[in-house]
Amino acid sequence: MSAGKRSDTALLIIDVINDLDFPGGEKVLPWALRMVERLGPFAARMRRAGVPVIYVNDNFGYWRSNFRDTYAHCTRKGSRGRNIARALKPQPDDYFILKPKHSAFFATSLVPLLEHLGTRKLILAGLATNLCIFFSAHDAHMHEYQLTVLSDCCAAESDNDHDLALSQLQRFLHVRICRSDEVHLSAKRRRVSAKRPHATKHPSRKKAAQSAS
């Protein structure tokens, strides 16, 4: 297995391997299904560009678990999040870190991994915008990483939760909020485009419901 090439940019995909078995999980589901349509192709584009893709995922309180156990648990028959987890399954060269709490940084090996990769710019995507994305972005800010959050590759229970979290991150942490199609990497240095973003709203509930059916 390769030790991993150095890259100034990395994509963090947070909590998408998820059974959605929690209060409100049924409300997240339609938004998460829409998120997959954008995040899957974006992650593939990052892999082709040589950008490390790092999955940071909740351990659901199972302290003896590993990635295979977590993936099997979330893709079991009857799991609410099964189709999302299967659609966004990590590829062999991706990284996978289990976390015990909301933040991708708290009590995990993420910082040593990013130091090993030479990464100072992070692109965040996943679930949920107002919880684990929000907490992870705050900790990344404290570590002085340059941050981008993909508005169309995150999901929450509602438009209000999603948009408020993005607004707070942009206003107080100066996080770049943009759509996945607004991210451009240079061939040599993989720089994120400096174009100022505009936060996008969730798709309409009608469209999300159609996607979930």
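Above: the structure in question.
(A) Quick look at the overall build of the protein. Each helix and strand counted, the protein has 7 helices and 6 strands in total. The helix and strand sequence of the protein, counted from the amino end, reads β-α-β-α-α-β-α-β-α-β-α-β-α. Within the protein, the proportion of its 213 residues that are buried is 50%. Sequence separation of at least 24 residues holds for 78% of the intrachain contacts in the protein that already meet a minimum separation of 6. About 11000 Å² of surface is accessible on the protein, with carbon and sulfur atoms providing 52% of the total.

(B) View of the sheet that holds strand β3 (residues 95-99). The 6 strands are arranged β3-β2-β1-β4-β5-β6 in an open sheet whose pairing can be described as parallel. The open sheet terminates on both sides in strands that have one partner only, identified here as β3 and β6 (176-178). Across the sheet, the mean angle from the axis of one strand to that of its neighbour is 25°, orientation sign disregarded. Of the strands in this sheet, β1 (9-14), β3, β4 (121-127) and β5 (146-155) are in contact with helix α5 (residues 129-142), which crosses β4 at around 165°.

(C) Structural detail: the packing of aromatic side chains. The final tally for this structure, using the stated rule, is 4 aromatic pairs. Between Phe 67 and Tyr 71, the ring centres sit 5.9 Å apart and the planes meet at 40°, which makes this aromatic pair tilted. Residue Phe 67 and its partner Tyr 71 are both found in helix α2 (residues 67-74); the two are separated by 4 residues, about one turn of the helix. Following the ring pairs from residue to residue traces out a cluster consisting of Tyr 55, Phe 67, Tyr 71 and Phe 96. Positioned over the ring face of Tyr 145 is Arg 120, at 4.3 Å from the centre of the ring.

Each value, and the rule that gives it
- Residues numbered from 1 in each chain as written.
- Predicted model: local features only at pLDDT ≥ 70, side-chain atom pairs only at ≥ 80, totals over all residues.
- Heavy atoms only, no water.
- Helix = DSSP H or I, 4+ residues; strand = E, 2+ residues; numbered from the N terminus.
- Buried < 20%, exposed > 50% of the residue type's maximum accessible area, 1.4 Å probe, protein only.
- Contact = heavy atoms within 4.5 Å.
- Areas by Shrake-Rupley, 256 points an atom, 1.4 Å probe, with all protein chains shown as cover.
- Pairing = 2+ DSSP bridges.
- Axes fitted to C-alpha atoms, helices over the stretch in contact; angles between N-to-C directions.
- Phe/Tyr/Trp six-rings, centres within 6.5 Å; stacked < 30°, edge-to-face > 60°.
- Lys NZ or Arg CZ within 6 Å of the ring centre and 35° of its normal.

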